[in-house]
Protein chains: 2
Amino acid sequence: LVTVALDAMGGDYAPGEIVRGAVLAVNELPVNIILFGIEDAIRKELALAGAIPSDRIRVVHCPEVVEMAESPSLSYKRKTKSSIRMGLEATKNGEAQAFVSAGNTGAVMFASTFVLGRIAGVERPAIAGVIPTQNGSLVMLDLGSTVDCRASHLSQFAIMGHHFSKNIMGVENPRVGLLNIGEEAEKGNLLTLAAFDLIKKLPIRFVGNIEGKELLFDKADVVVCDGFVGNSLLKFGEGAAKLFMDFFKGAAKSSLLALIGLLFLAPSLKRFRKKFDYDEVGGAVLLGVDGVSIIAHGSASATAMKSAIRTAVRAVEGDMVGKIAAALK
Amino acid sequence: LVTVALDAMGGDYAPGEIVRGAVLAVNELPVNIILFGIEDAIRKELALAGAIPSDRIRVVHCPEVVEMAESPSLSYKRKTKSSIRMGLEATKNGEAQAFVSAGNTGAVMFASTFVLGRIAGVERPAIAGVIPTQNGSLVMLDLGSTVDCRASHLSQFAIMGHHFSKNIMGVENPRVGLLNIGEEAEKGNLLTLAAFDLIKKLPIRFVGNIEGKELLFDKADVVVCDGFVGNSLLKFGEGAAKLFMDFFKGAAKSSLLALIGLLFLAPSLKRFRKKFDYDEVGGAVLLGVDGVSIIAHGSASATAMKSAIRTAVRAVEGDMVGKIAAALK
């Protein structure tokens, strides 16, 4: 079984939802969990969830907690006994094969890079996330790790995204695209024009430029972009979804007709929401570091944590890190 | 009355919708229109619309037409008698005070820059568009004119956006924000970090960083970004809206319950669609050129053309170009 080091103190609903996610995971997945965090709090939540510590689910006490708004570099230097730091160290030294956290994203990125180190040959790490699309999903990277990219970074992201899609998503020969402002090869800014030329020479299935309006329509299995652009698009998508939902709520409040309509539509809307639900998606993966480090959404539920743990298990079983290392050597 | 030079041959539904838009405009707005394009075709459409050429609506024959997919620079050099080129020249020499086109965006941008020239002191032009938000709208720029920006470009965009909001949207003291990946001043990439420092020194109401997820929630009246980012967000928004509509259509087809629900919801959905309808928005404005040049959506209807003409009238009446020139001197 794969052993996952889980940050029990990270996320808006920690440690409750995290511990419940761990319990779900050991019941449903081929995984053992080590919970890192304040031992008393974790044991209390385990008891509430009707679970007792065992070989499948262990607790390691960490006296310090990194808060959600703390500085990544300062927290790394000062809190050497935090659940993030100790969980990553257990992953580095082989006690666990992967680390999962719903905590402070910047702190997890920073600590992952320093504790696990970078894969030899990797210029910059990238955060890869699974984005639901009309008829499936795609892997998008970078979502905010490297916000000033060179073309060579995007080219490496293309390789790393290829291996993510293949090993975690199970896509045989992933179509890799470059996010751009036009479909034609000669469209773009200086960065994407140069990246296009590099990526087309890679031994992967490059399908060219993908425009923002095509992103959700299954034109590619992997889409590569600068971390500033990826993060902006991701957050804009969250905002647009919220606007839609707010609109429906408002309509239902102001009109009986609309309320009745929504009730009739509820089963369809539920399917739609489920499809675009972060809970099902399984966390983002920090690629380029020498180990498996998964970043779940800060508001992750127990189900979301289980999905993130499943992502970790797949990354380990598929030897994603080894394959990226071999490809970039 | 303001006189607008209108490209009758540009757009997916030209010349029919363009000519009908001109007829709507002269009936509803304080404007005279000069239609530039193939005279026979325009006169036929005018007759169909029940209008006859007069002082209010004139026709100038242009033997050449720039196609939607043509190269901007080549079309500019080779088609000196196109409706784009001749309409802009009429604007330059004072026969008209503004130019409006739903044609090839790149060609209109290129020709506008060369025929009208740049305002003294402007480093790069920007396309500014009006984006509907939850409770109003905002001006966003650049939407794709300058895809490799320096901080000084974004700083000038902030000034130009301020004057757009004030003179065309009628906002007294517009709140100007910077699109960024975090709210705090220390967040961002090299470009936005440097731009933040420049914009905060400007004599405008700078409200700091705006994240993608806040964009549609009325935190600012103007949001400034790099043309690559702006264009990507705009197109992604179009795609997300299409996904949503496709979902509703699919649900209505597959389930009677959903169909009934949609019928009940129809009045609310109609209001929502109208709010986010390009027809109402009034075209994008090419800022930084020494004249008023408005780019309507390629699929613009007669109503959309009327809205774009209204934007042109407001820009002229508010002396937007003069105010930008004074601010950037």
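See the structure printed just above.
A quick note: this is a predicted structure, and the numbers were derived from the prediction, not measured.

S.K.: Got a sec to walk through the relation of the copies chain B and chain A? Specific residues and values, please.
M.R.: Superposition record for chain B on chain A: RMSD 0.0 Å, screw rotation 180°, translation along axis 0.0 Å. Here the copies are linked by what is in effect a two-fold axis. For chain B, the smallest separation between a C-alpha atom and the rotation axis is recorded for G261(B), amounting to 1.9 Å. A high fraction, 98%, of the interface residues of chain B reappear at the interface in chain A, so the copies pair face to face through one surface.

S.K.: Help me get a handle on the pairing of strand 1 (residues 2-7) of chain A, residues and values and all.
M.R.: All names here are of chain A. Counting buried positions along strand 1 yields six of six residues, so the element is predominantly enclosed. Neither face of strand 1 is exposed, since V2, V4 and L6 on one face and T3, A5 and D7 on the opposite face are all buried. Of the pairings in the sheet, the one linking strand 1 to strand 2 (residues 31-37) comprises six bridges and is parallel in character. Counterpart to T3 in the pairing with strand 2 is N32. Considered for its hand, the β-α-β crossover made up of strand 1, helix 1 (residues 16-28) and strand 2 is right-handed.

S.K.: Report on the side chain of N32(B), specifying residues and quantitative values.
M.R.: Residues and elements named next belong to chain B. In this fold, N32 is placed in strand 2 (residues 31-37). Relative accessible area serves as the criterion here: at 17%, N32 is assigned to the buried category. Within the structure, N32 has its side chain in polar contact with the side chain of R56 (distance 2.8 Å). Excluding anything up to four places from it in sequence, N32 contacts L1, V2, T3, V4, D55 and R56.

S.K.: Describe the packing of aromatic side chains, and please don't skip the residues or the numbers.
M.R.: Both the distance between ring centres and the angle between the ring planes are used here to describe each pair of aromatic rings. Residue and element names in this part refer to chain B. Taken as a whole, this structure holds eleven aromatic pairs over all chains when the rule is applied. Measuring from centroid to centroid gives 5.1 Å for F196 and F206, while their planes differ by 70°, and the two rings are edge-to-face. In this pair, F196 is assigned in helix 7 (residues 190-199) and F206 in strand 8 (residues 205-210), connecting sequence segments ten residues apart. Comparing F196 with F206 shows no difference in burial state: the two are buried.

S.K.: Tell me about the sheet that holds strand 2 of chain B, residues and numbers included.
M.R.: Residue and element names in this part refer to chain B. Taken in spatial order, the eleven strands of this open sheet run 3-2-1-4-11-10-5-6-9-7-8, and their pairing is mixed. A single partner strand is all that each edge strand has here, and the edge strands are strand 3 (57-61) and strand 8. This sheet shows a mean twist of 25° between the axes of neighbouring strands, independent of strand direction. Across three bridges, strand 6 (residues 137-141) lies against strand 9 (residues 222-224) in parallel orientation. Residue pairing across strands places V139 opposite V222, the latter belonging to strand 9.

S.K.: Which residues make up the packing of helix 9 (residues 256-275) of chain A against helix 8 (residues 227-254) of chain B, and what are the values?
M.R.: Relative orientation of the contacting elements helix 9 of chain A and helix 8 of chain B amounts to 135°, with a least axis distance of 11 Å. The orientation of helix 9 of chain A with respect to helix 8 of chain B, classified from their angle, is oblique. Pair helix 9 of chain A / helix 8 of chain B crosses with right-handed handedness. On the side of helix 9 of chain A, the interface is formed by L265(A), S268(A), L269(A) and F272(A), while helix 8 of chain B contributes L243(B), F244(B), F247(B), F248(B) and A251(B). Its residues assigned to classes, the contact of helix 9 of chain A with helix 8 of chain B shows eight nonpolar, one polar and no charged.

Parameters at a glance
All residue numbers here refer to positions counted from 1 along the written sequence of the relevant chain. Think of it this way: whatever chain is written first is A, whatever ligand is written first is 1, and the rest follow in order. Confidence filtering applies because this is a predicted model: local features only for residues at pLDDT of at least 70, side-chain atom pairs given and counted only at 80 or more, and all residues used for totals across whole chains, interfaces and linings. Hydrogens are left out, water is left out, and the side-chain values use all remaining heavy atoms of the structure. We place the copies in one frame by least squares, fitting the C-alpha atoms of every residue whose pLDDT is at least 70 in both. Any two residues whose heavy atoms approach within 4.5 Å at even a single point are treated as in contact. Whether a residue is buried, partly exposed or exposed follows from its accessible area with a 1.4 Å probe, protein chains only, as a fraction of its type maximum: under 20%, in between, or over 50%, in that order. Helical segments are the DSSP runs of H or I of at least four residues, strand segments are the runs of E of at least two, and each set is numbered from the N terminus. In this analysis, strands are considered paired if DSSP registers two or more bridges between them. By convention, orient the strands away from the viewer: a clockwise path from the first strand over the helix to the second makes the crossover right-handed. Between N or O atoms, a polar contact is any pair within 3.5 Å; within protein, one atom must be a potential hydrogen donor and the other a potential acceptor, and residues adjacent in sequence are included only when both atoms are from side chains. A pair of aromatic rings is counted whenever rings of Phe, Tyr or Trp (Trp by its six-membered ring) have centres within 6.5 Å, and the orientation is called stacked for planes under 30 degrees apart, edge-to-face for over 60 and tilted otherwise. Between N-to-C directions, angles cover 0 to 180 degrees, with each direction set by a line fitted to C-alpha atoms, over the stretch in contact for helices. Throughout, the term roughly parallel applies to angles under 35 degrees, roughly antiparallel to angles over 145, roughly perpendicular to angles from 65 to 115, and oblique to all others. Put simply, a crossing is left-handed when the front helix is turned counterclockwise from the back one by less than a right angle, and right-handed when it is turned clockwise. Side-chain classes are defined by residue name, with Ala, Val, Leu, Ile, Met, Phe, Trp, Tyr, Cys and Pro counting as nonpolar, Asp, Glu, Lys and Arg as charged, and the others, Gly among them, as polar.

Remember that the coordinates give geometry; whether it matters functionally is a separate question.
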